[in-house]
Amino acid sequence: MPNAHRQEKLGELMASDLSELIRTRVKDPRVGFASITRVEVSGDLRHAKVFVSVMGTPEEQAETMQGLKNARGFLRHELATRLTLRYMPEIGFKLDNSIEEGARILNLINQVAEEDREKQQLSNPEA
């Protein structure tokens, strides 16, 4: 029976350790500015989806994801030395565009707010 709390805690631990490993131990030049946004661990603790946010062009994002895919075995081995588990989950990386999408939406909101201020200034010039 899956334990949701254990899955969540393991995901948090893996995200923290993976972030540190990517920042300090991965020497692949393709891995640019990558941030681990979250880790989802399956109910049987055998598989983990690692969601990665990468700032840059689509080409840079693709290169970073390929670099992470190639470093998957190294990262899994390093995690196994840090975490005490019977089985270390298989790691799969997924590109997470949520930060980029959030920035785009914030930009649109700011643009609409600026247009509203301009309309108010045009309709009420003495204020």
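Residues numbered from 1 in each chain as written. Predicted model: local features only at pLDDT ≥ 70, side-chain atom pairs only at ≥ 80, totals over all residues. Heavy atoms only, no water.

Caption draft 1: Layout of the sheet that holds strand E3 (residues 90-95). With respect to topology, 3 strands assemble into an open sheet ordered E1-E2-E3, the strand pairing being mixed. Pairing within the sheet leaves two strands with one partner each, and these edge strands are strand E1 (34-41) and E3. Shown here is a sheet whose adjacent strand axes are inclined to one another by a mean of 25°, direction ignored. Looking at chain direction, strand E2 (residues 47-54) and E3 are connected through 6 bridges and run parallel. Across the sheet, lysine 49 pairs through a bridge with glycine 92, a residue of E3. (Pairing = 2+ DSSP bridges. Helix = DSSP H or I, 4+ residues; strand = E, 2+ residues; numbered from the N terminus. Axes fitted to C-alpha atoms, helices over the stretch in contact; angles between N-to-C directions.)

Caption draft 2: Just the environment of arginine 30, in detail. If you trace the backbone, arginine 30 turns up in the loop between helix H1 (4-24) and E1. Given a relative accessible area of 31%, arginine 30 falls into the partly exposed group. The contact partners of arginine 30, leaving out residues within four places of it in the chain, are Glu63, Thr64, Gln66, Gly67 and Asn70. A polar side-chain atom of arginine 30 sits 2.8 Å from a polar atom in the side chain of aspartate 28. (Buried < 20%, exposed > 50% of the residue type's maximum accessible area, 1.4 Å probe, protein only. Contact = heavy atoms within 4.5 Å. Polar contact = N/O pair within 3.5 Å; in protein donor to acceptor, adjacent residues only side chain to side chain.)

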